[in-house]
Amino acid sequence: YDLIFLDKSWEWLNDPEIKDLTMTPDFTKDDQLVFFKNLQEKKDYWIKGVTENDLPIGAMGLKHINSKTAEFWGFIGEKDYWGKGIGNFMLHQALEKTRELNLKKLFLKVSNKNTRAKNLYMKMGFKIISPGEVEQYVIEL
């Protein structure tokens, strides 16, 4: 995750549809730059840019990492790549990192509007633990 992804993330997360599906709050370029500059110090955070044929198409990672759990987050910013299996790849990468860290559970939150993501999570073995406008899922490893 470098400055190229930072710039693309500004574009992606300010797209109204993506912003809604990812439940992204309003943020400024300064907020984004502070976030980026602080990534090196964050011990409870893992972030990766996602590419396809060297084209930046999204971002993903784990946050709130502790000795037993973490929370997955991710999005595909290039809409031409929606429905192409990239989300499946991202989730596999996150699960691999979760296992590498010897964590017991991986959580995630998703908008109940994000049907594609919810279907993927269920297919991958996640269980819903908190339904509602923002749903929470977990998988035990």
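Conventions we followed
Residues numbered from 1 in each chain as written. Predicted model: local features only at pLDDT ≥ 70, side-chain atom pairs only at ≥ 80, totals over all residues. Heavy atoms only, no water. Helix = DSSP H or I, 4+ residues; strand = E, 2+ residues; numbered from the N terminus. Contact = heavy atoms within 4.5 Å. Polar contact = N/O pair within 3.5 Å; in protein donor to acceptor, adjacent residues only side chain to side chain. Buried < 20%, exposed > 50% of the residue type's maximum accessible area, 1.4 Å probe, protein only. Arc of directions from axis to C-beta.

A. Examining the side chain of Glu71 more closely. Within the element layout of this structure, Glu71 appears in strand β3 (residues 69-76). Non-local contacts of Glu71, meaning those with residues more than four positions away in its chain, are made with Gly61, Leu62, Lys63, His64, Leu106, Phe107, Leu108 and Lys109.

B. Geometry of the side chain of Gln32. Checked against the element boundaries, Gln32 lands in helix α3 (residues 29-38). Looking at Gln32, its side chain comes within polar contact range of the main-chain oxygen of Leu6, at 2.7 Å. Setting aside anything within four residues of it in sequence, one finds Gln32 in contact with Leu6, Ser9, Trp10 and Phe27.

C. Spotlight on helix α5 (residues 115-123). Considered for burial, the residues of α5 that qualify are Ala117, Lys118, Leu120 and Tyr121. Within α5, the buried residues cover an arc of 160 degrees as seen down the axis, which keeps them to one side. Every exposed residue of α5 that faces more than 90 degrees away from the buried side is listed here: Asn119 and Lys123. The inward-facing, buried residues of α5 abut β3, α4 (86-100), β4 (105-111) and β6 (134-140). Phi turns positive, to about 105 degrees, at Gly125, one or two residues after α5.

D. View of helix α1 (residues 3-13). For α1, every residue scored as buried is listed here: Phe5, Leu6, Ser9, Trp12 and Leu13. What you see down the axis of α1 is that its buried residues fit within an arc of 125 degrees, all on one side. Between the side-chain oxygen of the N-cap and the backbone nitrogen of Ile4 there are 3.1 Å, and the N-cap of α1 in question is Asp2.

No statement about biological role is implied by the geometric values presented.
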